[in-house]
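Here's the letter readout for the chains.
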Amino acid sequence: MNKRLGQHFLINETAIKKIIAAMDLESGDIVIEIGPGKGALTDELINQLTGKTGYKKLILIEKDRDLAVNLYKKYSQNKKIEIISGDVLKDLPTLIHNSSFIIQNYKIIGNIPYYITGKLLRILSELEKKPGLTALMIQKEVAERIIATPPKMNLLAAAVQFWANPKILFTLKPNDFDPPPEVNSAVITLTTNNQQLTTEFTENYYKLIHIIFKQPRKTLINNLKSGLNLPKNTIENSLKLLKIDPNSRPQNLSLEQIKTLITIIQP
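The rules behind the values
- Residues numbered from 1 in each chain as written.
- Predicted model: local features only at pLDDT ≥ 70, side-chain atom pairs only at ≥ 80, totals over all residues.
- Heavy atoms only, no water.
- Helix = DSSP H or I, 4+ residues; strand = E, 2+ residues; numbered from the N terminus.
- Buried < 20%, exposed > 50% of the residue type's maximum accessible area, 1.4 Å probe, protein only.
- Contact = heavy atoms within 4.5 Å.
- Areas by Shrake-Rupley, 256 points an atom, 1.4 Å probe, with all protein chains shown as cover.
- Lys, Arg positive; Asp, Glu negative; His and termini not counted.
- Charge placed at Lys NZ, Arg CZ, Asp CG, Glu CD.
- Pairing = 2+ DSSP bridges.
- Axes fitted to C-alpha atoms, helices over the stretch in contact; angles between N-to-C directions.

Engineer: Would you explain the overall build of the chain in this entry?
Structural biologist: The helix and strand tally for the chain stands at eleven helices and nine strands. Seen through its principal axes, the chain has C-alpha atoms that stretch 65 × 40 × 30 Å. Residue burial in the chain is summarised as follows: out of 267 residues, 48% are buried. Look at the contacts in the chain between residues 6 or more apart in sequence, and 72% of them connect residues 24 or more apart. With an accessible surface of roughly 13800 Å², the chain has 48% of that area assigned to carbon and sulfur atoms. Taken together, the 35 basic and 25 acidic charged side chains of the chain have centroids lying 5 Å from each other.

See the structure below:
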């Protein structure tokens, strides 16, 4: 194992089965596994996929070259398995956008190094063709931030919930992994919503949430005034029109309020 890559291999077999069950695998699915490591999740995925007639492909993306070589030795005889030795942060967008096959229904599963969680979530949010379902093992505290709602809304929650419905399935203890991490973990699913939004609306939304949550302890009106080239009274009137208290804190905003605000205040 390359310790520099922050890998912790899941060894709890009960948890593995529960995660695979949550994938709700169907005929015709393409599954992308991030960081398969030694293949603990992969083996169970294959068992489940084998029973699904017509599944198209299982794609394994592993950054550790030694592990990737071992995966190739283990699975290369299966023509439905593709092994990519590379960095998911660089290779996933290319795979989705420039694949030799048309990705119609695909899902992502991953026991990922925790330090790439934020970057991976951003990449997923920027994909034009998003996975129908994503299941990730991440740090418990990060998972709790992702599912947060008012009065605990935050930038990460606003960013993820814009495109997906997150749910914590269950938590994992350090001894469920080898080597054990220093923090508790959680399995979170992200079910992509099917909302049809313009590129302009999406770009404005992400600009706005970065303005709103830039200084979470400040009032909403002060954050907006600092980030928008608009008179204070214009912003205040817009907030009142939406029945939002200008002196409330950003964490009290709901996702729908933020979306509505974007139609009135253009960053």
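Engineer: Before we go on, may I ask you to explain the sheet that holds strand E5 (residues 106-111) in this structure?
Structural biologist: Pairing between sheet strands relies on hydrogen bonds along the backbone, with the strands arranged either parallel or antiparallel. Across the sheet, seven strands lie side by side as E4-E3-E2-E5-E6-E9-E7; this open sheet has mixed pairing. Lying at the two open borders of the sheet, with one neighbouring strand each, are strand E4 (81-85) and strand E7 (164-172). Here the average twist between neighbouring strands, direction ignored, is 20°. Here strand E6 (residues 133-139) pairs with strand E9 (residues 185-192) via seven bridges, running antiparallel. Within the sheet, the bridge partner assigned to Thr134 lies in E9 and is Leu190. The strands that helix H1 (residues 13-22) touches are E5, E6, E7 and E9; relative to E7, the one it contacts most, it runs at about 165°.

Engineer: Looking at this structure, I do not really get the pairing of strand E3 (residues 57-62). What am I missing?
Structural biologist: On any regular strand, side chains alternate: one points to one face of the sheet, the next to the other face. In terms of burial, E3 is largely enclosed, as six of its six residues are buried. Side-chain alternation along E3 places Lys57, Ile59 and Ile61 on one buried face and Leu58, Leu60 and Glu62 on a second face that is also buried. Sheet topology note: the strand E2 (residues 30-34)/E3 ladder contains five bridges and is parallel. Counterpart to Glu33 in the pairing with E3 is Leu60. Sheet topology note: the E3/E4 ladder contains five bridges and is parallel. Each bridged residue has a counterpart across the sheet, and for Ile61 the counterpart in E4 is Ile84.

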